Structure formats: structure tokens, C-alpha cells
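A closer look at the structure
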Amino acid sequence: LAAGGFDALDAGTDRERVAAFKMYRSMITKGLRQLFAEMLVPASEQGLEGEVLAALADLFEETALDEWVRYATANTPPHARRRVGELDEILDTVADAGYEAPTVARARALHAFVAEREIEPDHDAVVTALRPYLRVEDDDADAGADGDGA
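Conventions adopted
- Residues numbered from 1 in each chain as written.
- Predicted model: local features only at pLDDT ≥ 70, side-chain atom pairs only at ≥ 80, totals over all residues.
- Heavy atoms only, no water.
- Helix = DSSP H or I, 4+ residues; strand = E, 2+ residues; numbered from the N terminus.
- Buried < 20%, exposed > 50% of the residue type's maximum accessible area, 1.4 Å probe, protein only.
- Contact = heavy atoms within 4.5 Å.
- Areas by Shrake-Rupley, 256 points an atom, 1.4 Å probe, with all protein chains shown as cover.
- Core = buried A, V, L, I, M, F, W, Y, C linked by side-chain atoms within 4.5 Å.
- Patch = residues over 30% accessible without salt bridge, like charges linked within 9 Å, V, L, I, M, F, W, Y side chains within 5 Å.
- Salt bridge = Lys/Arg side-chain N within 4 Å of Asp/Glu carboxyl O.
- pLDDT = per-residue confidence, 0-100.

Description of the overall build of the protein
- From N to C terminus, the protein includes 5 helices and 0 strands.
- Going residue by residue from the N terminus, the α and β elements of the protein occur as α-α-α-α-α.
- Residues counted as buried form 19% of the 150 residues belonging to the protein.
- By sequence separation, contacts in the protein at least 24 residues apart represent 53% of the contacts at least 6 residues apart.
- A total accessible area of about 11,500 Å² is found for the protein, and carbon and sulfur atoms account for 55% of it.

Points about the nonpolar core
- Ranked by size, the top nonpolar core spans 10 residues in total: A80, L110, F113, V114, A115, I119, V126, A129, L130 and Y133.
- For this core, the elements supplying multiple residues, two or more each, are α4 (102–115) and α5 (123–134).
- Apart from residues lying up to four places away in sequence, I119 is in contact with P77, V114, A125, V126 and A129.

Quick word on a nonpolar patch on the surface
- The grouping of I28, L32, L35, F36, L53, L56, L59, F60, L65, W68 and V69 at the surface amounts to a nonpolar patch, some 910 Å² of accessible area in total.
- Of all the elements in the fold, those that place two or more residues in the nonpolar patch are α1 (15–45), α2 (49–56) and α3 (65–96).

Structural notes on the confidence of the model for the protein
- Of all residues in the protein, 84% attain a pLDDT of 70 or more, and the chain-wide mean is 89.
- In the predicted structure, residues 143–150 sits below a pLDDT of 50 and forms 5 contacts with residues beyond four places in sequence or in another chain.

Written as C-alpha cells, this is what we have:
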């Protein structure tokens, strides 16, 4: 694969683990496309696309992505309440431009969840605290295939 220009990763022989790894990595690459679209469309309409992209250009030059993610996760609890307000302002700005930003709306909800709890500013503590927020509840766990419990 490397000869063909691909980065190869030995993820082991467990096919489910390999598939999950691919999906989680793709979650970021596809999710960033969504987030960029939510920013680029209204920013370009207001003539700000170039300036915003230039302001983001050096985001990961001084800090490796994995370090930044761990820092940003740990940094969420002490700043969550303030960031709810900032995210409201972002949503208002996007709405004023005539658009919506559903990913940002979900980020606002996540920050509100964190702000309502006392969570240690530690990456692992935040990840653990977010599990109930992100977990899918199966309301029909006892229901039969037709959903009526029969």
C-alpha cells in the first residue's frame, strides 16, 4: 500500500476492530467536512472565507493534533459555561447570514451538558462524563421485532 501512496497501519487481525478504527477515523474526516461547510458557506457569502481560512492555517503547527485534542477535551469543563454563550453568538451569526449550523448546535448542547456538571478538567474524566450524553438509549430493548413487545 505504501508504494501506492497510502499510509498503511497494522490494526491487527480482528476485523471488527479494524472496521471500527476506519469508521472512527472517517468520522473525523467527514465530520470536519460538515463543520467546514457550515463555516465556509456563510463566511464566503460575507466575503470572509479567505480571512477565516488564513486564521486557521497555523492551528496545528505548534501542537500535534493528538495533543491538541487531549488539551481541548480537558479544557472543556472550566470554560463550558462561557462557550455556551459563544456558541449561541456563532449560531446567531450564521442565522443572520441565512444559514444553519447543526454541528455547532450540537456542540452547544454538549457544552451545556458539561457546564451543568462538575467534571474534572482531565481528558479521561471528560470522555467518561460524556458517555451518558452520547449514549444511544434503546427504548425498545424489550420490544419484539414489530415494536409492540409481542
